[in-house]
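# Architecture at a glance
These are the residues of each chain, in order.
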Amino acid sequence: MIRVLLVDDDPLVRAGLTMMLRGASDIEVVGEVADGAGVAEAVRRHTPDVVLMDIRMPVMDGLTATRTVAGGEHGGAGGDCDRAPQVIVLTTFDADGLILDAMRAGAAGYLLKHTEPEEIVEAVRRSARGEPVLSPAAARTLIDHAATGTDGRTEQARRTLASLSDREREVARAVAEGLSNAEIGQRLHLSTGTVKAHLSSALTKLDLDNRIQLALLAHDAQAD
């Protein structure tokens, strides 16, 4: 069962999401929070697998709350051990700056609230498996970001990735291409478990929270 925490200051939004997610037999809404300031305690109390996080809230915004949540165990590798929950930002705003800020804060996904209900449900499932989930606007923003890297950012990214082993860098580059753990395993002739181990090790060495952050770094390192 996938445990989900809802974070949104609008009670109608929370009620709608609860109704939507309870229609899925493999998903359980374990808690609701009306402001980012209550997220850390709610995560400790409810131990969710996935957090659906609004951005604009009155006391603590969703980006700050995401940083507090994503700073725990490196769950982005998709492992099965105890880990920080995966955060999906669910918002009405699709500004490029917000999308990049959310990814850098540790969000594993970015969806707009007008996303079809079945797509949100599937996004929760994918995020629980450690897979990135992005709206088309968010995906375009990340592609544009990768395509417009500066020389300084590229060189810094290459120096950072140099701390990884050769195999970890291969995994990082494959993540940047959007490959799943199974697809990476097929390409590199590794078991899925070994891919997860390399990915988890890379995230720990680089002090990253999830594979999207690793993908951004690998994209920057490959920019010309």
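Notes on the structure in this doc start here.

Definitions and cut-offs
- Residues numbered from 1 in each chain as written.
- Predicted model: local features only at pLDDT ≥ 70, side-chain atom pairs only at ≥ 80, totals over all residues.
- Heavy atoms only, no water.
- Helix = DSSP H or I, 4+ residues; strand = E, 2+ residues; numbered from the N terminus.
- Buried < 20%, exposed > 50% of the residue type's maximum accessible area, 1.4 Å probe, protein only.
- Contact = heavy atoms within 4.5 Å.
- Areas by Shrake-Rupley, 256 points an atom, 1.4 Å probe, with all protein chains shown as cover.
- Core = buried A, V, L, I, M, F, W, Y, C linked by side-chain atoms within 4.5 Å.
- Pairing = 2+ DSSP bridges.
- Axes fitted to C-alpha atoms, helices over the stretch in contact; angles between N-to-C directions.
- 1 Å grid on protein atoms, 1.4 Å probe; cavity = no way out; pocket = protein on both sides within 12 Å on 5 of 7 lines; lining within 4 Å.
- Points joined across faces, edges and corners; volume = space filled by probe spheres on them.
- Nonpolar A, V, L, I, M, F, W, Y, C, P; charged D, E, K, R; others polar.
- Phe/Tyr/Trp six-rings, centres within 6.5 Å; stacked < 30°, edge-to-face > 60°.
- Lys NZ or Arg CZ within 6 Å of the ring centre and 35° of its normal.

## Quick notes on the overall build of the protein
A count of helices and strands for the protein gives 11 helices and six strands. In the protein, which comprises 224 residues, the share counted as buried stands at 51%. A separation threshold of at least 6 residues defines the contact pool for the protein, and within that pool the share at least 24 residues apart is 67%. Just so you have it, the protein exposes about 10300 Å², and 50% of that area is on carbon and sulfur atoms.

## Notes on helix H8 (residues 166-176)
Along H8, the residues classified as buried are Glu168, Val171, Ala172, Ala174, Val175 and Ala176. Turning to H8, the residues buried within the fold contact helix H9 (181-188), helix H10 (192-206) and helix H11 (211-222). Phi for Gly178, located one or two positions after H8, is positive at around 85°.

## Comments concerning the nonpolar core
Membership of the largest hydrophobic core comes to 23 residues, with the highest contact counts inside it found for Leu161, Ile184, Leu206 and Leu214. Every element with two or more residues in this core is listed here: helix H7 (151-161), H8, H9, H10 and H11. In this view, Leu214 contacts Ala172, Leu199, Ala202, Leu203, Leu206 and Leu208; residues no more than four positions away in its chain are not counted. Counting residues in each nonpolar core, the second largest holds 19 residues, with Ile88, Leu90, Ala123 and Val124 among its members.

## Some details on the pairing of strand E5 (residues 109-112)
On E5, burial covers both faces: Gly109 and Leu111 on one face and Tyr110 and Leu112 on the other are all buried. Relative to E5, strand E4 (residues 86-91) runs parallel, the two sharing four bridges. Directly across from Thr91, in E5, lies its bridge partner Leu112. One ladder, built from two bridges, connects E5 with strand E6 (residues 133-134); its direction is parallel. Each bridged residue has a counterpart across the sheet, and for Tyr110 the counterpart in E6 is Leu134.

## Some details on the sheet that holds E5
As summarised here, the arrangement of the six strands in space is E2-E1-E3-E4-E5-E6, forming an open sheet in which the pairing is parallel. Since the sheet does not close on itself, it has two edges, and those belong to strand E2 (27-33) and E6, each with one partner. Its contacts with the sheet place helix H4 (residues 96-105) against E4, E5 and E6, and it is angled at close to 145° to E5.

## Examining empty space enclosed by the protein
Enumeration according to the criterion identifies two cavities of 30 Å³ or more in this entry. Of the voids in this model, the second largest cavity is the one considered here, and its volume is about 30 Å³. Of the residues in the lining of the second largest cavity, the class split is five nonpolar, no polar and three charged.

## Here's the deal with the layout of surface pockets
Approximately 510 Å³ is the volume found for the largest pocket. As for the largest pocket, its lining consists of 24 residues, of which Pro132, Leu134, Val175, Gly178 and Leu179 are closest to the centre. Within the residue set of the lining of the largest pocket, elements represented by two or more residues are E6, helix H6 (136-147), H8, H10 and H11. By residue class, the composition of the lining of the largest pocket is 12 nonpolar, seven polar and five charged.

## Focus on the environment of Asp144
Tracing the backbone through its elements, the reader meets Asp144 in helix H6. Separated by 48 residues in the primary sequence, Asp144 and Asp96 have C-alpha atoms spaced 9.6 Å apart.

## A closer look at the packing of aromatic side chains
Scanning the entire structure with this criterion turns up zero aromatic pairs. In this arrangement the basic side chain of Arg56 is found over the ring face of Phe93, its NZ or CZ atom lying 4.2 Å from the centre.

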